[in-house]
Amino acid sequence: MKLLVYGAGVLGSLFAARMHEAGHDVALLARGARLAALRRDGVQLAEGDAPAVTRVPVPVVEHPAGGYDLTTVFVRTHQVDAVLESLAGLDGDVLFLLNWAAGAEPLGAVIGHERVLLGFGAAGGTMDGDVVRYRPAGLATRMVPMPIGEPDGRSTPRLRRIVRDVRAAGINAKAEPRIDAWLKTHAAFSVPLEQAANAAGGPLALAGDPGALRGMVRLIRQNLAAMPNPPVPRGFGAFQVLPEGLLVTVLRRFLRGPTALHSGLNTASPAAVAAELERMAAQMRTYARVR
Ligand SMILES: NC(=O)C1=CN([C@@H]2O[C@H](COP(=O)(O)OP(=O)(O)OC[C@H]3O[C@@H](n4cnc5c(N)ncnc54)[C@H](OP(=O)(O)O)[C@@H]3O)[C@@H](O)[C@H]2O)C=CC1
Ligand SMILES: CC(C)(CO)C(=O)C(=O)O
């Protein structure tokens, strides 16, 4: 497969390295200082806090050249518009693997509806200078596969092929027939969580602030109640039935654990996260009365 990975931050770099190692013809698109670092050192990966860094020599490009079977997009929500413009004149399927609660329509309107697939890069990690520190394999990586779906929920040959190729690269992925509902559910949960973590200065600081935790749980509940669809996965329905105190306890524990530590909640770029969350909140307001 000829693959363009658009966006060379945490998740794009990790995905490009894994697909390159699996033998695909990968080009990783980067810009600015990140482009120079990747050209010099390749993708540098470290598992969690481990000192060992591996270098994966993924070919890097500054502009899309065309001829790709698949483009995977790993930029932030507020950065998508520019990416769409640069992909509009090209061919090939485009899989958006990012926080996105606006459905496939605005994406397809620019690049062609038949090209769009949706998903979520369910890995995690942070940038440590030029090194990607990714979430070590564990319960979270096993329990939350990367969901990938057709916007209309069909199981198509291209969807089955993409899921098979991604899994063959050692990434836990699965076809998700309700991908838009999945993404909207995730947004209902993760926007208040990330806003609270960003405001507190990280997941550990948030875990130590009971008032902020309670406010966050209330917002998650309001968001889930205001969604146009039942939650996907159904487990998020627990937010509607469990007592607030129990939810606070569970989330405090989560925030102190390795999944939150090696995630966007612990970002080195709070300004980029704030801009993304603002765009996500705007997307959510178009279908629900949420904050
Ligand atoms: N990190 C994590 O643990 C998780 C992240 N996510 C979500 O996945 C998505 C990607 O996250 P993540 O990888 O962490 O984000 P990053 O900010 O680390 O990476 C995004 C990359 O895309 C680049 N980029 C943006 N626009 C362009 C453009 N027009 N041309 C070239 N490069 C561009 C950015 O460059 P620049 O820095 O110059 O803007 C940056 O290098 C987000 O929606 C995030 O919320 C989901 C789960 C976990
Ligand atoms: C923890 C959270 C909600 C935010 O980054 C997430 O989506 C992840 O890392 O998988």
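Along every chain, residues carry numbers that run from 1 in the direction the sequence is written. Whichever chain is written first becomes A and whichever ligand is written first becomes 1, with later ones labelled in order. With the structure being a predicted model, the display of local features is reserved for residues of pLDDT at least 70 and the display and counting of side-chain atom pairs for 80 or more, all residues being used for whole-chain, interface and lining totals. Based on all heavy atoms of the structure, the side-chain values leave hydrogens and waters out of the count.

Re empty space enclosed by the protein
Phase 1 of the analysis: Two kinds of site are reported from a 1 Å grid over the protein atoms alone, namely cavities, where a 1.4 Å probe fits but cannot get out, and pockets, open sets with protein on both sides within 12 Å along at least five of seven lines, and residues are called lining when an atom falls within 4 Å of a point. Grid points are joined across faces, edges and corners, and a volume is the space filled by probe spheres set on the points. Enumeration over the complete set of coordinates arrives at one cavity of 30 Å³ or more.
Phase 2 of the analysis: The volume enclosed by the largest cavity comes to roughly 30 Å³.
Phase 3 of the analysis: Lining of the largest cavity is provided by Glu 194, Ala 197, Asn 198, Gly 264, Leu 265, Thr 267 and Val 273.
Phase 4 of the analysis: Partitioned by chemical class, the residues of the lining of the largest cavity number three nonpolar, three polar and one charged. Basically, the charged four are Asp, Glu, Lys and Arg, the nonpolar ten are Ala, Val, Leu, Ile, Met, Phe, Trp, Tyr, Cys and Pro, and anything else, Gly included, counts as polar.

Details of the packing of helix H7 (residues 179-200) against helix H13 (residues 270-285)
Phase 1 of the analysis: As a rule, the C-alpha atoms of each element are fitted with a line to give its axis, helices using only the stretch in contact, and angles between N-to-C directions run from 0 to 180 degrees. In DSSP terms, a helix is any run of H or I states spanning at least four residues, a strand is any run of E spanning at least two, and both are numbered starting from the N terminus. In contact at an axis separation of 10 Å, H7 and H13 are set at 145 degrees when each is read in the N-to-C sense. H7 and H13 meet at a crossing whose hand is left-handed. Contact with H7, carried on its side by Ala 187, Ala 188, Val 191, Glu 194, Gln 195 and Asn 198, involves Pro 270, Val 273, Ala 274, Leu 277, Met 280 and Met 284 of H13 and no other residues of that element.
Phase 2 of the analysis: Looking at side-chain class alone, the contact of H7 with H13 contains nine nonpolar, two polar and one charged residues. Definitions for this section: a left-handed crossing has its near helix turned counterclockwise from the far helix by less than a right angle. A right-handed crossing has that turn clockwise. For this analysis, residues touch if any pair of their heavy atoms sits within 4.5 Å.

Thoughts on the packing of aromatic side chains
Phase 1 of the analysis: Aromatic contacts are taken between Phe, Tyr and Trp rings whose centres are within 6.5 Å, Trp giving its six-membered ring; a plane angle under 30 degrees counts as stacked, one over 60 as edge-to-face, and the others as tilted. One pass over the full model with this rule turns up five aromatic pairs.
Phase 2 of the analysis: Residues Phe 15 and Phe 74 carry aromatic rings whose centres are separated by 5.2 Å and whose planes lie at 45 degrees to one another, so their mutual orientation is tilted. Of this pair, Phe 15 sits in helix H1 (residues 10-21) while Phe 74 sits in the loop between strand S6 (70-73) and helix H3 (80-87), and the two are 59 residues apart along the sequence.
Phase 3 of the analysis: Geometrically, the ring pair formed by Phe 120 and Trp 182 is tilted, given 5.3 Å between the ring centres and 40 degrees between the ring planes. Of this pair, Phe 120 sits in the loop between strand S8 (116-119) and strand S9 (125-128) while Trp 182 sits in helix H7; the two residues are 62 residues apart in sequence, bridging distant segments of the chain.

Focus on the nonpolar core
A general feature of soluble globular proteins is that nonpolar side chains tend to end up buried together.
Phase 1 of the analysis: Take the buried Ala, Val, Leu, Ile, Met, Phe, Trp, Tyr and Cys residues and link them wherever side-chain atoms come within 4.5 Å; each set so joined is a nonpolar core. Relative accessibility decides the category of a residue: with a 1.4 Å probe and only protein chains considered, values under 20% of the type maximum give buried, values over 50% give exposed, and everything between is partly exposed. Phe 15, Val 73, Leu 87, Phe 96 and Met 146 are the most contacted members of the largest nonpolar core, which has 63 residues in total.
Phase 2 of the analysis: Other than its neighbours up to four places away in sequence, Phe 15 contacts Leu 3, Val 5, Thr 72, Phe 74, Met 146, Val 166 and Ile 171.
Phase 3 of the analysis: In this structure, Ala 196, Val 217, Phe 236 and Leu 251 belong to the second largest nonpolar core, which totals 21 residues.

Description of the site of ligand 2
Phase 1 of the analysis: Each residue is tested against the molecule or strand, and it is near if at least one of its non-hydrogen atoms lies within 4 Å. Taken together, Phe 120, Arg 135, His 186, Ser 190, Leu 193, Glu 194, Phe 254, Ser 263, Gly 264 and Leu 265 make up the full set of residues near ligand 2.
Phase 2 of the analysis: The separation between an oxygen atom of ligand 2 and a polar side-chain atom of His 186 is 3.0 Å.
Phase 3 of the analysis: Reported accessibility uses the Shrake-Rupley method at a 1.4 Å probe radius. Residues are deemed covered only where the shown protein chains occlude them. Isolated, ligand 2 exposes 290 Å² of accessible area, and the fraction of that covered by the protein chains is 86%.
Phase 4 of the analysis: The greatest single-element share of the shell around ligand 2, amounting to four residues, is contributed by H7.
Phase 5 of the analysis: The residue makeup of the shell around ligand 2, split by class, is four nonpolar, four polar and two charged. Each polar contact in these results corresponds to two N or O atoms within 3.5 Å; when the atoms are within protein, one needs to be able to donate a hydrogen and the other to accept it, and residues that are neighboring in sequence are counted only if both atoms are side-chain atoms.

Considerations on the pattern of salt bridges
Phase 1 of the analysis: By definition, a salt bridge exists where a carboxyl oxygen of Asp or Glu is found within 4 Å of a side-chain nitrogen of Lys or Arg. Under the counting rule described, the total for this entry stands at 16 salt bridges.
Phase 2 of the analysis: A salt bridge links Arg 161 to Asp 93, with the nearest nitrogen and oxygen atoms 3.9 Å apart. In this pair, Arg 161 sits in helix H6 (residues 157-168) while Asp 93 sits in strand S7 (residues 93-97), placing the two residues 68 residues apart along the sequence.
Phase 3 of the analysis: Overall, the relative accessible area of 15% leaves Asp 93 in the buried class.
Phase 4 of the analysis: Residue Asp 128 pairs with Arg 133 through a salt bridge whose shortest N-O separation is 2.8 Å.
Phase 5 of the analysis: The exposure class of Asp 128 is partly exposed, given its relative accessible area of 40%.

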